[in-house]
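Observations on the three-dimensional arrangement
If you want the building blocks of each chain, they are given just below.
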Amino acid sequence: SSNTGLLFGRQQGLRWEINPSVAYQLRPRTTIAALYDRTTERIIGQTSAFEDIGRFTVTRQKTPRTSFGMGYSVRHFINGDETHTSNAVLFGSTYALTPPVTFQIMAGPRLSSRQTLEPDISATFARRQANGIGYAIDVWRGESIILGVTGPVEVLSATSGLTWPIRRTVEMGVRGGLFDSTTLSQGKARVYHAEAVAAWSPRGP
């Protein structure tokens, strides 16, 4: 996921992100997964901000349509000499209404970088099907970094998107989102985001 802030005046920014992950099927119905994410961003001429995320989850499939899981997530923020850490324990479930339509939620308590107890929520309702119309609605609440803002930011976002095939190898889509953010020292911001996307696959879906 990506976040957006509000900057007045035109400025150059730089952002790098790497997020390797691994999953292992421990038993026929049990899967363990681990993820690491490192994000670096800065406005040219200013100090870089860093965010490191580590996440470990265990998922158990109960029925062909339903699975449950739990996990632990830690986020570490570095902004110059400032460092902050947040930790979250997460519980979740995935349910397939039909083969292409799924609802997924992961939520739990988070000890934020402000040392307050906050909800950590990630929920998605989506339809994904090759050569068919797809859509997704996402809601997320957590902590992250935003370009041009000092320190970690509490973010509540809601995004939605629609995709449709033009031909076997070409897909078009539109997306929109709303981002509410609260910073440690710079107040609140609300940003509306919209985009159009096109994707091409050399061998089809």
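Everything that follows concerns the structure shown earlier in this document.
All of the points below concern the structure found in this document. Please read all numbers here as calculations on a predicted model, not as lab measurements. (Residues numbered from 1 in each chain as written. Predicted model: local features only at pLDDT ≥ 70, side-chain atom pairs only at ≥ 80, totals over all residues. Heavy atoms only, no water.)

Okay, the pattern of salt bridges next. Scanning the model with the defined rule gives 13 salt bridges in all. When the shortest N-O distance is used, the salt bridge between Glu-51 and Arg-75 registers 2.8 Å. Of this pair, Glu-51 sits in strand β4 (residues 49-61) while Arg-75 sits in strand β5 (residues 66-79), and the two are 24 residues apart along the sequence. Residues Glu-51 and Arg-75 agree in their burial class; the two are buried. Across the salt bridge formed by Arg-110 and Glu-154, the nearest N and O atoms sit 2.6 Å from each other. In this pair, Arg-110 sits in strand β7 (residues 101-111) while Glu-154 sits in strand β10 (residues 153-167), placing the two residues 44 residues apart along the sequence. Exposure remark for Arg-110: the relative accessible area of 1% places this residue in the buried category. With a relative accessible area of 10%, Glu-154 lands in the buried category. The structure contains a network of salt bridges with shared partners spanning Arg-110, Arg-114, Glu-118, Asp-120, Arg-141, Glu-143 and Glu-154. (Salt bridge = Lys/Arg side-chain N within 4 Å of Asp/Glu carboxyl O. Helix = DSSP H or I, 4+ residues; strand = E, 2+ residues; numbered from the N terminus. Buried < 20%, exposed > 50% of the residue type's maximum accessible area, 1.4 Å probe, protein only.)

On the surface, a cluster of nonpolar side chains totalling about 580 Å² of accessible area is made up of Ile-133, Tyr-135, Leu-162, Trp-164, Ile-166, Met-172 and Val-174. Within the residue set of the nonpolar patch, elements represented by two or more residues are β10 and β11 (170-183). With 3 residues, the top contributor of residues to the nonpolar patch is β10. For Tyr-135, the position within the fold is in strand β9 (residues 134-144). For Tyr-135, a relative accessible area of 32% gives the class partly exposed. (Patch = residues over 30% accessible without salt bridge, like charges linked within 9 Å, V, L, I, M, F, W, Y side chains within 5 Å. Areas by Shrake-Rupley, 256 points an atom, 1.4 Å probe, with all protein chains shown as cover.)

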